[in-house]
Amino acid sequence: MVIGGGLLGCATAYYLARDGMDVLLLERRELNREASGTNAGSLHFQILRQDDYSAARFAQLRPTVELHECASALWKGLEEDLQADLGIRRLGGLLVAENREQLDTLRRKVELENSMGVKTELVGPADIREICPGLSEHLAGADYHSEEGFANPLVTVPAFARAALKSGARIRLHCPVNAIDPRPGGRFRLHTGTGTVDAGRVVDAAGAWSGEVAEMVGLRLPLTARVLHVNVTEPRPPLLRLLIQHAGRRLTLKQKEQGNFLIGGGWPGRADPETEEKTTTHGSLAGNTWVAAATFPPLRNVRVIRTWAGQTASSPDLMPTLGESRTVRGFFAMQGGAGFTLGPVYGRLMAELVRTGRTSIPIAPYDPERFMATAV
Amino acid sequence: MSFERSRQLVIVGGGPAGMAAAISARAAGVEEVTVIDERPHLGGQIYKQFAAGWKVLDPRRAGKEFVRGRRVIEEAERCGAEVMPGSVVWGIWGDRVAVYREGGDAGVIVAGRIILAPGAYDRPVAFPGWTLPGVMTAGGAQSLVKAQRVIPGRRILMAGSGPLILAFSAQIHRYGANVVAVCEAAPFPGPRRMLDLAAAAPGNFDLLADGLGYMSYLARKRVPYRYSHMIVRAEGKDEVERAVIARVDEQWRPVPGTEQSIDVDTICVGYGFFPSIELSRVIGAQHVYDEDLGGHVPVRDRWMRTTQPGVFAAGDGTGVAGSHVALEEGSIAGIAAAMELGKVTEAEADHLARPKRERLARLERFRSALNKTYPVGPGVYELASPETVVCRCEEVTAAEILDSLVADSSDPNGVKSITRAGMGLCQGRNCQRQIAALIARHAGKKIDELPVFTPRPPVKPVPIDLIAEERPEEAWITEVG
């Protein structure tokens, strides 16, 4: 039983069904409606921009390098595997610095990345404009990874869902899980909005709501929810091939195959606490587009045609969660951390774990019970 | 580049409803009134004035609507309200109205009260060939004729339903257009409908006389007026060469074997209007669905208040009812805003609004009779073939839309995500309802049972150089919590 119709849930359902497991996925609303379908679709293979560039933080991030390497390989074969066009373009990514201070930070970041086997390089202003014409002349340098890029989050989850259905999985929409009773023999009874269902194992892939689902079996999975704002412009002829990020400001910028620019990077949106309806703000629209146009000036005369806001969540240590509960056997939890890039990997590892009890990549650092002892 | 100022009342839209609201709010004592409109002049679509370079020597010859419109426009210009022409309201957050001026600046007006009077746009109808050059909306064609005196083609088929297609057929014929035929989807109004209309006529005599005048004009000029007929297909290589029409039943569904081909180079399609509800939805006001009013319309009380405090709505943007209704509704909204701003007491407001309410009730009777004469048939949504492009911005066909539904989903938002239908420059105005209708038929549901596209600003495309503003993201995050 998989709870949650986002990327993690649908990918897990697909890999489980493909390997012959009987899978039922429950989604309280529609597929791909929250973070999985509302992120900006960046594929990050250098280490994400951090607020904290200390050696300690990098030591903590070290195991995730393997996840990203695995993801890089997985995305390469994903379109063929799922028999779908996922809009993947991986022509490189630049994390740009606009001053000396940011450049010094990037230099340290590149050193640490290289020491962990991440193939990034520091490039100077002249190289930046060669790699990516159109970028601002005022940039000081950038951290460059040649295989970064983006895919289309809007079609990725539906593609996983279709492939899962084809492999025999079942998907039930508009079916919220209200309570989970552990039953004798290590089984579970799920009380849903449309009746009760029994399951041998339960995978909690409820994204920003995975803490609530975990709580139904007494597991503590603290998450900080955030609403992020993304902007889309009208289509223009091809001007930008790379994924652009900024070392000092919140920015991701890319031009999609259809010509539209996608401007995101973590500016806040708002959520109505009652209806859960997400809205975008004037401030984020003005601020995010300013950073984008300052970094890539050709954007100045382009018009924004849409914005959207989506719910994401992160754990207190900003690390992913993936594993089986030690106290409630048969209950598995997973929660993002570079969720779009790593989603397919999380799904595959979870399927391995549920099926065989082992994973091909160590998941100890992502233990779902690491917060059990921490104070509320 | 950016401005911020406060006004007691901001009115979005300078058509009949917006102008009437400004006039009545000023008369009731509101000092600061600002009317914002996208067009270079007040008047809206219905009272559209001639384009720059034209000079009117004899207003009477420009038509009755023109004269009526000019009177209202002059009154609105003299009433002391500030007018911001050529300005686009692209979002509203609480009491903050975000505006940009084409080729100019952008900013925010903090509004004590807001009246939405955004008007309506042509109901798009997707049939095979509807994207061929030569197919246009009746409203678009009317605009060409009104503002520029341009007749859009040499052999014109008018296809649609209701008073507009009748009036417009007569008007452009009068300007010398070769109207080959008029197709009215509704059946010839039988004696019962005629009686209904006549019963609603007292006090609405003008409106009825207008309609009868247009009918007898077309009959005199021997323009074929085909009741129970619809355009079902436009054909041609690079542009329209032929129209295929067919007889339809009361549900507007074509009767097999009645197809007939007419050589034309232009097809004007006029099945009525959709209210512009983008702003009323963005502010979170409650809406209800009424096909005869044009679809989803904001819920209002007798003072034209939406369910969102401080925001009123009037005119065709709240349900398509025409300029006469819009004028009365706008006046009432203006009085109500003055009342809420403390410029008049409720008793005074009631007194001021009474005659307008009486006229409104009378017009309402006539409109209701008209709606019964020209109800929108469900067949209007069923003309597209699987290969017909439904979303023309992103070129998505009907078949692609239905193929994209995963599992038992019937959510247009999912379709939009997967196919891009509704993501283009028109922001879904042209295709949203058609997509919903396709899914509804597929899933055996009603259109109004389906969710609608999630409304978010910008409600109109907005240039980055006008709205981009440096601000620290961390501080902003703290600010919004």
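Throughout this description, residue numbers start from 1 for each chain and increase along the sequence as written. Whichever chain is written first is A, and whichever ligand is written first is 1; the rest continue in order. Local features in this predicted model are restricted to residues of pLDDT 70 or higher, and side-chain atom pairs are both shown and tallied only at a pLDDT of 80 or more, whereas totals for entire chains, interfaces and linings draw on every residue.

## Concerning the overall build of chain B
Then, number 1: Secondary structure elements follow DSSP: runs of H or I of four or more residues count as helices, runs of E of two or more count as strands, with numbering from the N terminus. Across its full length, chain B carries 14 helices and 22 strands.
Then, number 2: Computed over C-alpha atoms, the radius of gyration of chain B comes to 23 Å, within 12% of the 23 Å expected from 2.2 N^0.38 for 481 residues, which places it in the range of a compact globule.
Then, number 3: Seen along its three principal axes, the alpha-carbon backbone of chain B occupies a region of about 65 × 55 × 45 Å.
Then, number 4: Each residue is classified by how many other C-beta atoms fall within 10 Å of its C-beta atom, where C-beta atoms are placed from the backbone; a count of 20 or more means buried, 12 or fewer means exposed, and values in between mean partly exposed. Burial status across chain B gives 50% buried among its 481 residues.
Then, number 5: Placing C-beta atoms from the backbone, we regard two residues as in contact once those atoms come within 7 Å. Taking as baseline every contact in chain B between residues at least 6 positions apart, the subset at least 24 positions apart corresponds to 68%. Both definitions apply: the radius of gyration is a C-alpha atom measure, and the globule rule equals 2.2 Å times residues to the power 0.38.

## What about helix H10 (residues 339-356) of chain A?
Residues and elements named next belong to chain A.
Then, number 1: The span one expects for a helix is its residue count, reduced by one, times 1.5 Å. When the terminal C-alpha atoms of H10 are compared, their 24 Å separation across 18 residues agrees well with the 26 Å that a helix rising 1.5 Å per residue should span.
Then, number 2: Note that bend, as reported per residue, equals the angle between axes fitted to the 7 residues terminating at that residue and the 7 residues originating from it. Where H10 bends most, the angle comes to about 30 degrees, and this point is valine 345.
Then, number 3: The element H10 is largely enclosed, with a buried count of 15 among its 18 residues.
Then, number 4: With its phi angle positive at about 80 degrees, glycine 357 sits one or two positions after the end of H10.

## Remarks on the sheet that holds strand S11 (residues 225-227) of chain B
Residue and element names in this part refer to chain B.
Then, number 1: Pairing between strands requires that DSSP locate at least two bridges from one strand to the other. Pairing in this open sheet of five strands is parallel, and the strands run S8-S15-S9-S10-S11 from one edge to the other. Strand pairing shows two members of the sheet lacking a second neighbour, strand S8 (135-137) and S11, which therefore form its edges. When strand polarity is set aside, the average angle formed by the axes of neighbouring strands in this sheet is 20 degrees.
Then, number 2: In the sheet, strand S9 (residues 156-160) pairs with strand S15 (residues 266-270) via five bridges, with the strands oriented parallel. Along S15, the bridge assignment pairs glycine 160 with glycine 270. Angular values range over 0 to 180 degrees, each being the angle between N-to-C directions of two axes fitted as lines to C-alpha atoms, with helices fitted over their stretch in contact.

## What about unusual backbone geometry?
Then, number 1: For the peptide bond that leads from Pro457(B) to Pro458(B), omega is 0 degrees, which places it in the cis range.
Then, number 2: Relative to the elements of secondary structure, Pro458(B) occurs in the loop between helix H12 (432-443) and strand S22 (462-463).
Then, number 3: Positive phi is not limited to glycine here, since Leu318(A) has a value of about 55 degrees.
Then, number 4: Turning to its location among the elements, Leu318(A) is positioned in the loop between strand S19 (303-314) and strand S20 (321-324).
Then, number 5: On the basis of neighbour counts, which here come to 15 C-beta atoms within 10 Å, the residue Leu318(A) falls in the partly exposed class.

## Some points on the nonpolar core
Then, number 1: Defined on buried residues, the nonpolar core groups Ala, Val, Leu, Ile, Met, Phe, Trp, Tyr and Cys residues joined through C-beta atoms within 7 Å. One finds Cys10(A), Ile115(B), Ile231(B), Ile267(B) and Val390(B) to be the most contacted residues of the largest nonpolar core, which totals 261 residues.
Then, number 2: Broken down by element, this core gets its largest block of residues, 10 residues, from helix H8 (residues 323-340) of chain B.
Then, number 3: Each residue touching Ile267(B), except ones within four places of it in the same chain, is listed here: Gly134(B), Val135(B), Leu157(B), Ala159(B), Ile231(B), Ala234(B), Val240(B) and Ala243(B).

## Examining the domain arrangement of chain A
Residue and element names in this part refer to chain A.
Then, number 1: For each domain, the first and last residues come from an automatic or database assignment. For chain A, the assigned domains read domain 1 (1-89 + 150-222 + 317-376) and domain 2 (90-149 + 224-314).
Then, number 2: For domain 1 versus domain 2, the separation of C-alpha centres amounts to 26 Å.
Then, number 3: Listed by partner, the interface residues are 26 residues for domain 1 and 35 residues for domain 2.
Then, number 4: Breaking the side of domain 1 that touches domain 2 down by element, the ones donating at least two residues are helix H2 (35-38), strand S3 (42-43) and helix H4 (64-82).
Then, number 5: The nonpolar class holds Ala, Val, Leu, Ile, Met, Phe, Trp, Tyr, Cys and Pro. Asp, Glu, Lys and Arg form the charged class, and all remaining residues, Gly among them, are polar. When its residues are assigned to classes, the side of domain 1 that touches domain 2 shows 12 nonpolar, 10 polar and four charged.

## Concerning the packing of helix H3 (residues 138-148) of chain B against helix H4 (residues 163-174) of chain B
Residues and elements named next belong to chain B.
Then, number 1: Where H3 meets H4, the axes come as close as 11 Å, and the angle between the chain directions of the two elements is 30 degrees. In terms of axis orientation, H3 runs roughly parallel to H4. Considering only the axes of H3 and H4, their crossing is left-handed. Residues Ala138, Gln142 and Val145 of H3 lie in contact with H4, whose contacting residues are Leu164, Ile165, Phe168 and Ile172.
Then, number 2: Each residue belonging to the contact of H3 with H4 can be placed in one class, and the counts come to six nonpolar, one polar and no charged. Should an angle fall under 35 degrees it is called roughly parallel, over 145 degrees roughly antiparallel, and 65 to 115 degrees roughly perpendicular, with every other angle called oblique. Helix crossings are classified by the rotation of the near helix relative to the far one: an anticlockwise turn of less than a right angle makes the crossing left-handed, while a clockwise turn makes it right-handed.

## Thoughts on the domain arrangement of chain B
Where interface size is quoted, it is often the accessible area lost as the parts come together.
Residues and elements named next belong to chain B.
Then, number 1: Per the domain assignment, the segments of chain B are domain 1 (2-121 + 274-371), domain 2 (124-271) and domain 3 (387-449).
Then, number 2: The gap between the C-alpha centroids of domain 1 and domain 2 is 29 Å.
Then, number 3: With 10 residues of domain 1 in contact, the opposing surface of domain 2 contributes 12 residues.
Then, number 4: Of the residues contributing to the side of domain 1 that touches domain 2, the split by class is six nonpolar, one polar and three charged.

## Side note on the interface of chain A and chain B
Then, number 1: Contacts between chain A and chain B engage 39 residues on the former and 32 residues on the latter.
Then, number 2: Of all the secondary structure elements, the ones that give two or more residues to the side of chain A that touches chain B are helix H7 (153-166), strand S16 (260-268), helix H9 (282-295) and S19 of chain A.
Then, number 3: Counting residues per element, the side of chain A that touches chain B draws most heavily on H9(A), which supplies eight residues.
Then, number 4: Here the side of chain A that touches chain B is built from residues that sort into 19 nonpolar, 11 polar and nine charged.

## A word on the sheet that holds strand S11 (residues 195-199) of chain A
Residues and elements named next belong to chain A.
Then, number 1: Ordered in space as S9-S10-S11, the three strands form an open sheet in which the pairing is antiparallel. The outermost strands of the open sheet, each flanked by one partner alone, are strand S9 (177-183) and S11. On average, each strand axis in the sheet is tilted by 20 degrees relative to the strand beside it, whichever way the strands run.
Then, number 2: As defined by bridge partners, strand S10 (residues 187-192) adjoins S11 across five bridges and the pair is classed as antiparallel. Note on S11: the bridge partner recorded for histidine 191 is threonine 196.

## Looking at the pairing of strand S13 (residues 224-235) of chain A
All names here are of chain A.
Then, number 1: Two strands pair when backbone bridges link them, and S13 and S19 are joined in this way by 10 bridges, in the antiparallel orientation. Within S19, the residue paired with alanine 225 across the bridge is alanine 313.
Then, number 2: Looking at chain direction, S13 and S16 are connected through five bridges and run antiparallel. Each residue of the ladder has a partner; that of valine 232, found in S16, is leucine 262.

## Details of helix H2 (residues 64-78) of chain B
Residues and elements named next belong to chain B.
Then, number 1: Here H2 is 15 residues long and its end C-alpha atoms lie 22 Å apart, about the 21 Å a rise of 1.5 Å per residue gives.
Then, number 2: The set of residues buried in H2 consists of Phe66, Gly69, Val72 and Ala76. The buried residues of H2 all sit within an arc of 130 degrees when viewed along its axis, so they share a single face. Residues of H2 that are exposed and angled more than 90 degrees away from the buried face: Lys64, Arg71, Glu74 and Arg78. In this description, the arc belongs to the directions extending from the helix axis to the C-beta atoms.

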